[in-house]
Every structure is written in C-alpha cells, then in structure tokens.
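Spelled out from the first residue to the last, the chains are:
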Amino acid sequence: MEDNRPLLATLACMLRPAFTSFCALVLLGGLAPCRAAAQVDGAAARPQSRPAGAAPNVVLILADDLGYGDMHAFNPDSTIPTPALDSLAAQGMSFTDAHTPSAVCTPTRYGLLTGRYCWRTRLKSWVLNGYSAPLIQAGRQTLGHLFQAAGHETAIVGKWHLGLGWKHVGEKSRTGEKGQERDEGRKARQGNQIDFTKPVTDGPNAHGFDHSYIVPASLDFPPYVYVRDGKVTDPGIVQQEAQRFPAFLRKGPRAKDLVMEDVLDHLTAQAVDFIKTCAADKKPFFLYFPLTAPHMPVLPHERYRGKSGRGPYGDYVVQVDDCVRKVTETIEAAGIRDRTIVIFSSDNGSYMYRLAEDKKPDHVEDETVKGYRPAHHRANGPFRGTKADIWEAGHHVPLIVRWPGKVATGAESARLVCLTDLMATCAGLLGTSPGPGMAEDSVSFLPTLFGTASQPERPAIVHHSGAGMFAIRKGRWKLIAGNGSGGRELPKGKPFTRPFQLYDLEADVSESDDRLADEPEVARELEKLLDQIRKGGR
C-alpha cells in the first residue's frame, strides 16, 4: 500500500538558533511562533492556518539542459534574446559560481529536492528512464515536506524524472525494490506491460507535494504521458516512432493528449493556474516548476521558430525565456510580487558541443548538427566540456534569486553554491531546520542572499559526472578524481584512474592548465577530503 506519510514527525518546529534563521526572522518581520507538530497516526499534522505574509511564497524554476552561456545576463556575448531572464537577474541576485550536484538530470533533481548527493543512493551513474522504480525512499524529507510543514500549498508542474510506481498488466505492483527496475527493463521497455488506466503507486504526491502535474522523465524518454496527481490524464495510447536530432525521440508509448510541440506551453499554463488559484485563495505556496526544455527533443513551438537566429536550439531557449515571462507576469498581476521569491537555475550544462572555429557546418547552418562554432554561440560560456562532463560545463550553471525588498537588485555573488544548498536555505527562510539526518549535503547561503553579514566560505562541493567520476572543489582549487571528462567529451577517461587533474579556477576557469605536478600537496589534501566526504556523510 502507498505510504504518503513523510517522516516529518521528527521535525522540531521551533526557531533555529543558527544565524541564518535569525536573518530570516528579522527580514520577514517576525514569523508566527512555531508549534511542535501534532501527531496523527504517527505522521506530522499540517498547520491549519498561517498568518498572511508570515512567510514568502516560493517559485522554483529549473530549466532542463540550459547552459551558463545561453543567457545574456551570464554571457554578454550571447545573441540569443532572453529578456525575461535578464530582467529577473536585474531584479535579484545572480550567483556566478553556482553548481548542480551532478552533470546530468536525475541526480541533480534528487539533490535539489533532498539536499543530499544522489551518489549516496543506489543510482551511481547516469539517469533513470521513464519506467524506472522510485528513487526517493519513503521517509526522506524533501523541499515539498519542508514547505508543507510550514503551511504552504505545494505543487510540482513539469519534469519529474525520479521514478514512478507503474502498475503492470496482470502483475502486482512492487515499489522501490532493486529488482523492479531490472524487471521493468525486460518487460516494459516499450511500455506494453504498463496499465496506464491505473494510478501510480509512488510519485510526487508521496514526497511532499499536494498537487502534481508531470511528465515522467525527460521528454525524449517514453512513456510520453501527462500524470496528474498519480493518474495518467489520457490512457488512450499510440506508438511514437523514434526520431533523429534535433527532434530526437525514442520509440515508445505516447498518450494522445501529449503533443510534443505543445508540452512547454501546456505545462506553463498549469503552473500559471496554480499561482492564480493560490493567490486568489490567499494561500502561501511553493511551486516547483521543472521545465522540459531546452532538452531534446528540440521542438520549439512554431511561434518561436526563427526568433533566435541560432537554429532550433536557440529558438527553444527563447521559448524557455518566455515561460519565465509568463510566470513572473502572473505573479505581478496577482499582486503577490513582493511576497514571492522566484528562483531560477538549470539542472546541468548544455549538451551543445563547442566545435572548432573552422568546423562547418554548425547548428546555425545545419540544424541536425549538435554544436556551435564559438563565433556563433557558446552555450556553456567559457567552460570546458558539455553536459555530463566533470569539467565545468557539465555542472556550472546560472542561479538567480529574486525577492523584492529583501534581496538586493542587480547584485552578483561569487560565493560557491550547490543546488543541494536550497534545502538548508529554504529551511532558514521558514525559521526551521531540515529534519535529523536529512539534507546532509546542504549548506545555507541565506546571509549571502540577504547581505546581512559576511559568510564563511562553503566547506567544499563534490561534483559528479554522468559516468560517475568525482571531483571536489574547495576555494580556488578543483581536483578531478579521474583521467578524463567522465561524460561525453573526449578523452572520457575512467573514475579514480590516474593521473588525476588539478585546476586553479581563479586563474584558469577553462581548465586548460593542469597543475597536478606543480601542487602535489594541494592535490593530496583534496583527495583526502573527497574520501572523507564520500565515506563520512559530508
């Protein structure tokens, strides 16, 4: 039987004595006194009401495969128009040294929602598919649980990619077992064993979200269906044939109500409706809005085709920007701008390769080419590599936080930040802490966000590539525990195969000058620290 009861009973709903929570209380004008969570059959009861304005709404928008160089605000040389994102950056704080916990999407989504590195779970490399068993274990606290406990209405609209408990024709459902995923791989790779008329046994609603409207995984992974609160919206299934880049799709089942070119518009409409409803009902809310673009299939709606002058990929980035515009305009029109935090980032770097300057054609000249010459566009800005790589392009992403009247406008921070840090930061905003043993890899950056005081340097960040290669970043130094990219670019190398790589990112952001031979002591110290974090929990 599905267990929808998160283990929030262990959350002590009291003011955290740490400085980050103090900052939140001051800037919020004082939160209402927190009460110990009442116990109802072993689960934490949600507060019945919360004073208006006591805590902000939060809208967390996560682009899919948007590179650091795709936005003009982070890459002034970009010619792709992103006016909404540029405006958001001008109205808030941009973090120029922000990183995802992984260079691919499933692990980043796990880390963002739990404050825990995904390599601590069963998933040690790459990603789940659309048929995979649930990755988030029962009892693991998420951002959704955190906001639920604070009295917020919580919703996810968009790409889930953390596994669903599908029911199979003629089979009893098994959720979360290691063997289930292998079974799905054999029996349901094309979805012909899934009963799309039955609700899933695990999904966002079991992990802190009151409302969910999702696609199961990346939009190039079947099954291609919308799932509302655990139920497929249209069980009428047709067979989607495989397609090549830029409209790359894998063969598999597709619901008749899912039209690829309309997905981004459709999801944005769902997100906008949720914001409008909560604003009208005067309910505080948390909306997690993980977009499906500019990930493949690169199918921008016809309204955006040709808008960028940089091929279908550039046009898709333009559409992503317009989704952000619709969300921010909805917040403005609803009269909740000043009490709504908007956070924007990406789940990893762009998959678009940087081609040699003499390489012809590129994506501008031939849309079937998955890459740009630097003269046309640098999707990952100055960074080496692409999505999935341990080099900076794989995980160094834009991060913007806007909260009118609380966060300085047009501000930039060079603080080292990981998206796992959103868990501790949001807890501080709410005047609470993550539950005992939860969010082990999350460090609040609230004092930096509010500019109330100088904040110590983040202890370290562990990076992780698609193929499972590790790196550790501490201050200016980055040690890669492997002999290649660990992802897509050549040489791919292997994890923990020497020689390792050492880069001084303050002097060499492009990772072109390996300092391993010059700084052996730095490398030894970082290798020791990486080992401690991997084995010790932080």
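Here, every reference points to the structure presented above.
Residues numbered from 1 in each chain as written. Predicted model: local features only at pLDDT ≥ 70, side-chain atom pairs only at ≥ 80, totals over all residues. Heavy atoms only, no water.

**Q** Looking at this structure, how should I read the overall build of the protein chain?
**A** Helix and strand counts for the protein chain stand at 10 helices and 21 strands. Relative to its 538 residues, the protein chain shows a buried fraction of 60%. The long-range fraction of contacts in the protein chain, counting pairs at least 24 apart against all pairs at least 6 apart in sequence, stands at 72%. (Helix = DSSP H or I, 4+ residues; strand = E, 2+ residues; numbered from the N terminus. Buried < 20%, exposed > 50% of the residue type's maximum accessible area, 1.4 Å probe, protein only. Contact = heavy atoms within 4.5 Å.)

**Q** What is the right way to look at the pattern of salt bridges in this model?
**A** Pairing of side chains with opposite charge becomes possible as their charged atoms draw close. Tallied over the full model, the rule gives 29 salt bridges. Taking the shortest distance from any N to any O, the salt bridge between K535 and D531 comes out at 3.3 Å. Of the two residues, K535 and D531 are both situated in helix 10 (residues 520-536); the distance of four residues between them amounts to about one turn of the helix. Judged by relative accessible area, which is 66%, K535 ranks as exposed. (Salt bridge = Lys/Arg side-chain N within 4 Å of Asp/Glu carboxyl O.)

**Q** Sorry if this is basic, but what is going on with the sheet that holds strand 21 (residues 501-504) here?
**A** Through backbone hydrogen bonds, the strands of a sheet pair up, either in parallel or in antiparallel fashion. Strands sit in the order 18-19-20-21 across an open sheet of four strands; the sheet is antiparallel. Each of the sheet's edge strands pairs with one partner strand only, and the pair in question is strand 18 (461-464) and strand 21. On average, adjacent strands in this sheet sit at an angle of 20° to one another, irrespective of strand direction. Both strand 19 (residues 470-474) and strand 20 (residues 477-480) contribute to a ladder of four bridges, which runs antiparallel. Bridged to I472 within strand 20 is L479. In the packing of helix 10 onto the sheet, contacts are made with strand 18, strand 19, strand 20 and strand 21, and the angle to strand 19 comes to roughly 110°. (Pairing = 2+ DSSP bridges. Axes fitted to C-alpha atoms, helices over the stretch in contact; angles between N-to-C directions.)

**Q** Would you mind going over the nonpolar core with me for this structure?
**A** Inside soluble globular proteins, nonpolar side chains tend to come together where they are buried. Core analysis: the biggest nonpolar cluster contains 60 residues, and I61, L287, F289 and F344 have the highest contact counts within it. Mapped onto this core, the elements with two or more residues apiece are strand 3 (57-64), helix 2 (83-90), strand 5 (153-159), strand 6 (211-215), helix 6 (263-280), strand 11 (285-294), helix 7 (311-333) and strand 12 (340-346). In terms of residues, this core owes the most to one element, helix 7, which gives nine residues. With sequence-adjacent residues up to four places away left out, L287 is seen in contact with V58, V59, L60, A155, V157, A271, F274 and I275. If you look at the next biggest cluster of nonpolar residues, it comprises 56 residues, including M93, L112, C118 and I343. (Core = buried A, V, L, I, M, F, W, Y, C linked by side-chain atoms within 4.5 Å.)

**Q** Please explain the packing of helix 2 against helix 7 as it appears in this structure.
**A** Relative placement of two packed helices is described by the angle separating their axes and the distance separating the axes. For the pair helix 2 and helix 7, interaxial distance at closest approach is 7 Å and the crossing angle is 55°. Relative to helix 7, the element helix 2 lies oblique. Across from P83, A84, L85 and L88 in helix 2, the residues of helix 7 making contact are D321, V324, R325 and T328. (Parallel < 35°, antiparallel > 145°, perpendicular 65-115°, else oblique.)

**Q** Hey, could you run me through helix 10 in this one?
**A** The α-helix winds at 3.6 residues per turn, so residues separated by three or four positions along the chain end up facing the same way. An ideal rise of 1.5 Å per residue puts 24 Å on 17 residues; helix 10 measures up with 24 Å between its terminal C-alpha atoms. Of the positions making up helix 10, those classed as buried are V522, A523, L526, L530 and I533. On an axial view of helix 10, the arc spanned by its buried residues comes to 95°, and they lie on one face. Exposed side of helix 10, more than 90 degrees from the buried face: K528, K535 and G536 are the residues found there. (Expected span 1.5 Å × (residues − 1). Arc of directions from axis to C-beta.)

**Q** Where do I start with helix 2 in this structure?
**A** Of all the positions in helix 2, only A84, L85, L88 and A89 are classed as buried. Buried residues in helix 2, looked at end-on, bunch into an arc of 140°, giving them a common side. Here the buried face of helix 2 lies against strand 4 (93-99), helix 7, strand 12 and strand 15 (396-402).

**Q** Teacher, can you tell me more about the pairing of strand 15 here?
**A** Across a regular strand the side chains alternate sides, sitting on one face of the sheet and then on the other. With seven of its seven residues buried, strand 15 lies for the most part within the structure. Bridging between strand 12 and strand 15 involves four bridges; their strand directions are antiparallel. Its bridge partner lying in strand 15, F344 is registered against I400.

**Q** Help me out: how do you make sense of the pairing of strand 5 in this one?
**A** Most of strand 5 is tucked away: seven of the seven residues are buried. With four bridges connecting them, strand 5 and strand 11 associate as parallel partners. Within strand 11, the residue paired with T154 across the bridge is F286. Of the strand pairs in this sheet, strand 5 and strand 6 are connected by five bridges, and their pairing is parallel. Each bridged residue has a counterpart across the sheet, and for V157 the counterpart in strand 6 is Y213.

**Q** Would you take a moment to explain the environment of S345 for this structure?
**A** As for its placement among the helices and strands, S345 is situated in strand 12. A sequence separation of 56 residues divides S345 from V401, and the C-alpha atoms of the two residues are 9.0 Å apart. Setting aside chain neighbours within four positions, we find S345 in contact with I61, L62, A63, V397, P398, L399 and L419. At 2.7 Å, the side chain of S345 forms a polar contact with the backbone oxygen of P398. (Polar contact = N/O pair within 3.5 Å; in protein donor to acceptor, adjacent residues only side chain to side chain.)

All quantities given are derived from atomic positions and should not be read as evidence of function.
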